[in-house]
Amino acid sequence: MPHLDRHVFVCINERGADHPRGCCKAKGGNEVRDALKKELTARGLGKAIRANNAGCLDQCEHGVAIVVYPEQVWYGGVTVADVDEIVEQHLIGGQPVARLLIPEPPPAVPPAAEPPPAVPPAAEPPPAVPAAAEPAA
């Protein structure tokens, strides 16, 4: 398995044109992903940084949404014109592009769910009553 320094997920989720949150595909998700892959390859970074499709990242109103791991840096409103800056400043230079950061990204770790209630152990059957001994003959 190859070692990756970073993994970049680009939302290309598609929703109906009338959906109130919109969708990243209609905002250019495929084009951003293609430009990112092309730029990484051109700079010889394709083996160290992987760019992949992502389904819905639940940041539709910020689309095109991108998340970079392992840092969990969330970008929104990304266009093809932003790809060069993201690659140069963040993926190579290690400094996120502040103007594209989603203001309140999703929590890094989802809140822990409450454990299910304990199931009481099954009641033990009452001890068997010994049978009456028969008188000796």
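Attention in this report is confined to the structure presented alongside it. (Residues numbered from 1 in each chain as written. Predicted model: local features only at pLDDT ≥ 70, side-chain atom pairs only at ≥ 80, totals over all residues. Heavy atoms only, no water.)

1. A look at the pairing of strand 2 (residues 49–54)
- In this structure, strand 1 (residues 6–11) lies alongside strand 2, joined through 6 bridges in parallel fashion. Following the sheet pairing, Val-10 is matched in strand 2 by Asn-53.
- Following the chain from strand 1 across helix 1 (residues 29–42) to the adjacent parallel strand 2, one finds a crossover that is right-handed. (Pairing = 2+ DSSP bridges. Helix = DSSP H or I, 4+ residues; strand = E, 2+ residues; numbered from the N terminus. Right-handed = clockwise from strand over helix to strand, strands pointing away.)

2. Let's talk about unusual backbone geometry
- Of the consecutive residues Tyr-69 and Pro-70, the connecting peptide bond is found in the cis state with omega at 20°.
- Residue placement: Pro-70 occurs in the loop between strand 3 (66–69) and strand 4 (73–75).

3. Notes on the sheet that holds strand 1
- Strand order in the open sheet made by the 4 strands is 2-1-3-4, with mixed pairing throughout. What marks the edges here is a single partner per strand, and that holds for strand 2 and strand 4. When strand polarity is set aside, the average angle formed by the axes of neighbouring strands in this sheet is 20°.
- Along the sheet, helix 1 contacts strand 1, strand 2 and strand 3; its crossing angle with strand 1, the most-contacted strand, is approximately 155°. (Axes fitted to C-alpha atoms, helices over the stretch in contact; angles between N-to-C directions. Contact = heavy atoms within 4.5 Å.)

4. Regarding the packing of helix 1 against helix 2 (residues 83–92)
- Where helix 1 meets helix 2, the closest approach of the two axes is 9 Å, and the angle between their N-to-C directions is 50°. Classed by the angle they form, the pair helix 1 and helix 2 counts as oblique. Crossing geometry of helix 1 relative to helix 2 is assigned as right-handed. The segment helix 1 lies against helix 2, with Val-32, Ala-35, Leu-36, Glu-39 and Leu-40 engaging Val-83, Asp-84, Val-87 and Leu-91.
- Looking at the contact of helix 1 with helix 2, its residues break down into 7 nonpolar, no polar and 2 charged. (Parallel < 35°, antiparallel > 145°, perpendicular 65-115°, else oblique. Left-handed = near helix turned anticlockwise from the far one by under 90°. Nonpolar A, V, L, I, M, F, W, Y, C, P; charged D, E, K, R; others polar.)

5. A word on the nonpolar core
- Judged by nonpolar contacts, the single largest core of 21 residues is most densely connected at Val-8, Leu-36, Leu-40, Ile-66, Tyr-75 and Leu-91.
- Setting aside chain neighbours within four positions, we find Tyr-75 in contact with Val-64, Ala-65, Ile-66, Val-68, Ile-86, His-90, Pro-96, Val-97, Leu-100, Leu-101 and Ile-102.
- Of all hydrophobic cores here, the second largest spans 8 residues; its members include Cys-24, Ala-54, Ala-65 and Ile-102. (Core = buried A, V, L, I, M, F, W, Y, C linked by side-chain atoms within 4.5 Å. Buried < 20%, exposed > 50% of the residue type's maximum accessible area, 1.4 Å probe, protein only.)

6. Looking at the packing of aromatic side chains
- Tallied over the full model, the rule gives 1 aromatic pair.
- Ring geometry for Phe-9 versus Tyr-69: centroids 6.0 Å apart, planes at 75°, classification edge-to-face. Here Phe-9 is found in strand 1, whereas its partner Tyr-69 is found in strand 3, with 60 residues between them in sequence. (Phe/Tyr/Trp six-rings, centres within 6.5 Å; stacked < 30°, edge-to-face > 60°.)

7. Examining the environment of Leu-36
- Note that Leu-36 resides in helix 1.
- The sequence separation of Leu-36 and Ala-51 amounts to 15 residues, and the corresponding C-alpha distance is 6.9 Å.

8. Quick look at helix 1
- For helix 1, built from 14 residues, the straight-helix expectation of 20 Å at 1.5 Å per residue is met to within 8% by its first-to-last C-alpha distance of 20 Å.
- Looking at helix 1, one finds that the buried residues are Gly-29, Val-32, Arg-33, Ala-35, Leu-36, Glu-39 and Leu-40. Looking down the long axis of helix 1, one finds its buried residues gathered within 165° of arc, a one-sided arrangement. What points out from helix 1, more than 90 degrees from its buried face, is the exposed set Lys-38, Thr-41 and Ala-42.
- Those residues of helix 1 hidden inside the fold are in contact with strand 1, strand 2, strand 3 and helix 2.
- Remark: Gly-44 follows helix 1 within two positions and exhibits a positive phi of approximately 70°. (Expected span 1.5 Å × (residues − 1). Arc of directions from axis to C-beta.)

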